[in-house]
Amino acid sequence: MSDALNLNISTSDRMMLVETFVRIVDAGSLSAAARLLGTTQPTISRRLKTFEKSLGVRLIQRSTHAMKLTDDGMRCYTRARELIAGWQEFESEIRGAGDEPVGLLKVVAPHAFGQQQLVVPLAEYLKRYPNMTVEWLLHDRTPDFIAEGIDCAIRVGVEPDPNLVCLRLGRVPRIVVAAPATVEGSKLPLEPDQLARLPWLAHNSFYRDEITLTHTRSGAAARIAFKPCMYTDNLYALRSAAVLGLGVAVTSLWAVREELARGELLAIAPDWAAEPLPVDLVYPPARFYPARLRRFIDIMRVAVPEAFGITRA
């Protein structure tokens, strides 16, 4: 009798080995898989060897600097992912559609959105589902969902990826603002050609040396070209620089409401606005979505428009 048949492995342990193998492939290395699963690299290596021995085949060819799936490994990976998805779907059906989410949810949110406003609906989620833990990651790049184990991401002003499920939460209005000192000694600019003569600040993610404004009533478009005195990739830095009188900025309305109310910033060329920024919640396509993600989506669909005063798509 072969070694593969002699192995005495329980069903639950087999599922753990299957998941470990899938995580190794998705993450690209044993060490990365160990981080995702919260264990050590030697443990991951032992699990892989046990899984290969139980099947009686080599799944991964490893060298010092590389890792490659064998032909058997490719077939196993495809079936293993189907098996995991099927098992999750089975668990969901048995527990019912109203199951209580339990475990860890990993979310990526933009720096500006995720530091304050989005923490409110996040708190609602955690209070409503006390058995959940959330890893709240703030950065503006699109994550590698599989390799990093990310459940979903909130993206602002980014073209939808056709390989991801994209749920449009709304669109963020943007306006043109400047400090009183920036326009001191001249009339408040009302038209785009007047804006071009002022100093400018730029947000790298959305505009650098030109921007198109649209008339809010007529729909007419005007392109403004400029040479910024400052570039930044941070919305709060942009706002602070504008308040200090360094130049004109185009920014999300929600981010400058208090400064406008206090008179620290002025809405200039008020009949003209930049294109609103789309706000999307994105996640990888799957046959089954766990309760932790479904419940989070339910809350964010309502909370995000309310938190930012954004318009529906």
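Residues numbered from 1 in each chain as written. Predicted model: local features only at pLDDT ≥ 70, side-chain atom pairs only at ≥ 80, totals over all residues. Heavy atoms only, no water.

### Observations regarding the overall build of the chain
Across its full length, the chain holds 12 helices and 13 strands. For 313 residues, the compact-globule formula gives about 20 Å, and the C-alpha radius of gyration of the chain, at 25 Å, lies well above that figure. Here the chain displays about 16,600 Å² of accessible surface, and carbon together with sulfur accounts for 51% of that area. Charge centroids of the chain, computed over 37 positive and 35 negative side chains, lie 3 Å from each other. (Helix = DSSP H or I, 4+ residues; strand = E, 2+ residues; numbered from the N terminus. Rg over C-alpha atoms; globule rule 2.2 N^0.38 Å. Areas by Shrake-Rupley, 256 points an atom, 1.4 Å probe, with all protein chains shown as cover. Lys, Arg positive; Asp, Glu negative; His and termini not counted. Charge placed at Lys NZ, Arg CZ, Asp CG, Glu CD.)

### Concerning the nonpolar core
Membership of the largest hydrophobic core comes to 62 residues, with the highest contact counts inside it found for Trp136, Leu195, Trp200, Tyr207, Ile211, Leu281 and Phe296. Non-local contacts of Ile211, meaning those with residues more than four positions away in its chain, are made with Arg174, Trp200, Ala222, Arg223, Ile224, Phe226, Val250 and Ala274. Judged by nonpolar contacts, the second largest core, of 21 residues, contains Ile9, Val22, Ala27 and Ala32. (Core = buried A, V, L, I, M, F, W, Y, C linked by side-chain atoms within 4.5 Å. Buried < 20%, exposed > 50% of the residue type's maximum accessible area, 1.4 Å probe, protein only. Contact = heavy atoms within 4.5 Å.)

### Notes on the packing of aromatic side chains
Using the criterion set out here, one finds 8 aromatic pairs in the structure. Geometrically, the ring pair formed by Tyr125 and Phe296 is edge-to-face, given 5.4 Å between the ring centres and 90° between the ring planes. Highlighted residues: Tyr125 in helix H7 (residues 119–128) and Phe296 in helix H12 (residues 291–308), separated in sequence by 171 residues. Using a relative accessible area of 0% as the deciding quantity, one classes Tyr125 as buried. Looking at Phe296, the relative accessible area reads 0%, which means it is buried. On the numbers, 6.2 Å between centres and 80° between planes, the contact of Tyr207 with Phe226 is edge-to-face. Within this pair, whereas Tyr207 is found in the loop between strand E7 (201–203) and strand E8 (210–215), its partner Phe226 is found in the loop between strand E9 (221–225) and strand E10 (230–232), the two being separated by 19 residues in sequence. Assessed through its relative accessible area of 3%, Tyr207 is described here as buried. (Phe/Tyr/Trp six-rings, centres within 6.5 Å; stacked < 30°, edge-to-face > 60°.)

### Things to note about the side chain of His139
For His139, the location among the structural elements is in the loop between strand E4 (132–138) and helix H8 (145–148). A relative accessible area of 17% places His139 in the buried class. Here the side chain of His139 touches Arg141 through a polar contact of 3.3 Å, landing on its backbone oxygen. The residues touching His139, leaving out its near neighbours within four places in the chain, are Val108, Ala109, Pro110, His111 and Arg155. (Polar contact = N/O pair within 3.5 Å; in protein donor to acceptor, adjacent residues only side chain to side chain.)

### Here's the deal with the pairing of strand E6 (residues 165–178)
Pairing between E6 and strand E13 (residues 272–283): 8 bridges, direction antiparallel. Paired with Arg174 across the bridge in E13 is Ala274. Pairing between E6 and strand E12 (residues 266–267): 2 bridges, direction antiparallel. Bridged to Val177 within E12 is Ala267. (Pairing = 2+ DSSP bridges.)

### Looking at the confidence of the model for the chain
For the chain, per-residue confidence averages 86 on the pLDDT scale, and 90% of positions sit at 70 or higher. Taken together, the stretch residues 1–6 has pLDDT below 50 and engages in 6 contacts with residues farther than four places along the chain or on a different chain. (pLDDT = per-residue confidence, 0-100.)

### Quick word on the pattern of salt bridges
Summed over all chains, the structure comprises 13 salt bridges. Between Glu258 and Arg262 there is a salt bridge; the shortest N-O distance is 3.6 Å. One end of the pair, Glu258, and the other, Arg262, are both in helix H11 (residues 257–262), 4 residues apart, so they sit about a helical turn from each other. A salt bridge links Glu259 to Arg262; the nearest nitrogen and oxygen atoms lie 3.6 Å apart. Of this pair, Glu259 and Arg262 are both found in helix H11, 3 residues apart, which corresponds to roughly one turn of the helix. By sharing partners, the salt bridges in this structure join Arg239, Glu258, Glu259, Arg262 and Glu264 into a single network. (Salt bridge = Lys/Arg side-chain N within 4 Å of Asp/Glu carboxyl O.)

### Quick word on H7
Among the residues of H7, those classed as buried are Pro121, Leu122 and Tyr125. Taken end-on, H7 shows its buried residues confined to a sector of 105°, consistent with a single buried face. The exposed residues of H7 that point more than 90 degrees off its buried face are Val120 and Lys127. (Arc of directions from axis to C-beta.)

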